[in-house]
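# Coordinate inspection notes
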Amino acid sequence: MEKIEHTTIPTNGINLHVASIGSGPTILFLHGFPELCPFGLPVFSLLLSIFYFHSIKFNNQLLSLSALGYRAIAPDLRGFGDSDAPPSPESYTSFHIVGDLIGVLDHLGIDQVFLVGHDWGAVIAWHFCLFRPDRVKALVNMSIAFRPRNPTRKPTESFRAMFGDDYYICRFQKPGEAEEYFAGDETASILKKFYVARNPKPPCIPKEVGFRCLKTPEALPSWLSEEDVNYFAEKFNQKGFTGGLNYYRALDLTWELTAPWTGVQIKVPVMFIIGDLDITYHIPGTKEYIHNGGFKKDVPYLQEVIVMEGVAHFINQEKAEEVSAHIYDFIKKF
């Protein structure tokens, strides 16, 4: 089994930690919140299961990633893990993040990639395809469907109109407030609340209660180990949650800056995967948008939508083998 390589790459004025393995056409994995890479990380465990699961299935033997002819790269996005974390929310627009990634690819001499994103990684992947479709062979996105820019209302205004001020994205907006909530609980407990949540209703966090309103699971599911949670917790204890929260705080600024892309379609081949218990699937209008033609209109090269039954938001962990199979079957077409 090949060894995962860890490097620090200077890009866009900061340093990113990047894990990689293999050689050949590149798959770039983008994680979400609160995730990291690579150990125990959804995107990287997903990456490894793609190749080893399929090696067993098709060849009855373990083949290394390089033998299958792919190079896989998984960075800690800015603000996470061992990458730099600029303090200002204004440093976390999609332009900053996509700029970081383009810099990584240029540093490594990579022209085009297969892109795989989940959660915030999916949001960044959509914008990556908007800004630089020339660098993307195909995209597999999970959990967050593309939604065209609303030219008349900022994202936080839309969320407040639908769910009120207690909606978690709205609650994350004020610097320091969510951090104070998180500080009142053990980091591992907070992460378990995120990863194991299966209620598809909009997560609302009353100000006077904070995240204590969310129940800590008594036991972990089979797809999530204490070792994984403790690794995440150690990293978030070192850096804190502010970097990840700043993505939410930059939502409206990204909206302002993407005005020139209003109405622009995503024009790369796309597969989209979501669980039917995912909170994002139950945002009003989302199912209709995905299944009644709106999604296909905005993403004309959308090739397949997969809705996995009984699966919640962290689909890339919960159903790693099945998701891996879908990803592999899709990228091998190109």
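Small disclaimer: the values here were computed from a predicted structure and weren't measured.

## Describing the overall build of the protein chain
The secondary structure content of the protein chain amounts to 14 helices and eight strands. Within the protein chain, buried positions represent 55% of all 334 residues. The contacts in the protein chain between residues at least 6 apart in sequence include a share of 76% that link residues at least 24 apart. Of the roughly 13,900 Å² of accessible surface on the protein chain, 51% is carried by carbon and sulfur atoms.

## Some words on helix α3 (residues 120-131)
With 12 residues, α3 should reach 16 Å at 1.5 Å per residue; the first-to-last C-alpha distance of 16 Å fits that figure. Among the 12 residues of α3, 12 are classified as buried, and the element is accordingly described as predominantly covered. Inspection of α3 places Trp-120, Gly-121, Ala-122, Val-123, Ile-124, Ala-125, Trp-126, His-127, Phe-128, Cys-129, Leu-130 and Phe-131 among the buried residues, and these make up the whole buried set.

## Some details on the environment of Ile-306
Relative to the assigned elements, Ile-306 resides in strand β8 (residues 302-308). Note on Ile-306: relative accessible area 11%, which makes it buried. With 34 residues separating them along the chain, Ile-306 and Phe-272 place their C-alpha atoms 6.2 Å apart. Sequence-distant contacts of Ile-306, defined by excluding residues within four places in its chain, comprise Met-271, Phe-272, Ile-273, Ile-274 and His-326.

## Regarding the environment of Met-162
Tracing the backbone shows Met-162 in helix α4 (residues 155-163). Note on Met-162: relative accessible area 38%, which makes it partly exposed. Spatially, the C-alpha atom of Met-162 lies 8.8 Å from that of Ile-283, the residues being 121 residues apart in sequence. Residues within four places of Met-162 in sequence aside, it is in contact with Ile-283 and Pro-284.

## Here's the deal with helix α9 (residues 242-249)
Most of α9 is tucked away, with seven of its eight residues classed as buried. Buried residues along α9 sit against α2 (94-108), α3, α5 (168-171), α6 (177-183) and α10 (251-257).

## Points about the confidence of the model for the protein chain
Summing up the model confidence of the protein chain, the mean pLDDT is 88 and the portion of residues at 70 or higher is 90%. Below a pLDDT of 50 lies the segment residues 38-45, which in the model reaches 31 contacts outside its immediate sequence neighbourhood of four places, other chains included. Counted against residues more than four places away or in other chains, residues 48-67, with its pLDDT under 50, gives 45 contacts.

## Some details on the layout of surface pockets
Quantified by volume, the largest pocket comes out at close to 1,200 Å³. Lining the largest pocket are 47 residues; nearest its centre among them are Ala-145, Arg-147, Pro-155, Phe-159 and Leu-251. Secondary structure elements with two or more residues in the lining of the largest pocket: α2, α3, α4, α5, α9, α10, β7 (270-275) and α11 (286-291). Broken down by element, the lining of the largest pocket gets its largest block of residues, six residues, from α3. Classifying every residue of the lining of the largest pocket gives 30 nonpolar, 12 polar and five charged. Approximately 500 Å³ is the volume found for the second largest pocket. Lining the second largest pocket are 23 residues, with Lys-193, Phe-194, Ala-197, Pro-203 and Ile-279 sitting closest to its centre. Broken down by element, the residue count for the lining of the second largest pocket peaks at four residues, all from helix α7 (residues 187-196).

## Points about the state of the cysteines
Under the counting rule described, the total for this entry stands at zero disulfides. Cys-170 takes part in no disulfide bond, and the closest cysteine sulfur, belonging to Cys-204, lies 8.5 Å away. Using a relative accessible area of 5% as the deciding quantity, one classes Cys-170 as buried.

## Points about the pattern of salt bridges
Inspection of the entire model under this criterion finds 14 salt bridges. Between Glu-179 and Arg-249 there is a salt bridge; the shortest N-O distance is 2.8 Å. You can see Glu-179 sitting in helix α6 and its partner Arg-249 sitting in helix α9, a full 70 residues away along the chain. For Glu-179, a relative accessible area of 17% puts it in the buried group. For the salt bridge of Glu-318 with Arg-198, the shortest nitrogen-to-oxygen distance reads 3.0 Å. You can see Glu-318 sitting in helix α13 (residues 315-318) and its partner Arg-198 sitting in the loop between α7 and α8 (226-239), a full 120 residues away along the chain. By relative accessible area, which is 13% here, Glu-318 ends up buried. Among the residues examined, Arg-198 registers a relative accessible area of 34% and is labelled partly exposed.

Conventions we followed
- Residues numbered from 1 in each chain as written.
- Predicted model: local features only at pLDDT ≥ 70, side-chain atom pairs only at ≥ 80, totals over all residues.
- Heavy atoms only, no water.
- Helix = DSSP H or I, 4+ residues; strand = E, 2+ residues; numbered from the N terminus.
- Buried < 20%, exposed > 50% of the residue type's maximum accessible area, 1.4 Å probe, protein only.
- Contact = heavy atoms within 4.5 Å.
- Areas by Shrake-Rupley, 256 points an atom, 1.4 Å probe, with all protein chains shown as cover.
- Expected span 1.5 Å × (residues − 1).
- pLDDT = per-residue confidence, 0-100.
- 1 Å grid on protein atoms, 1.4 Å probe; cavity = no way out; pocket = protein on both sides within 12 Å on 5 of 7 lines; lining within 4 Å.
- Points joined across faces, edges and corners; volume = space filled by probe spheres on them.
- Nonpolar A, V, L, I, M, F, W, Y, C, P; charged D, E, K, R; others polar.
- Disulfide = S-S within 2.5 Å.
- Salt bridge = Lys/Arg side-chain N within 4 Å of Asp/Glu carboxyl O.

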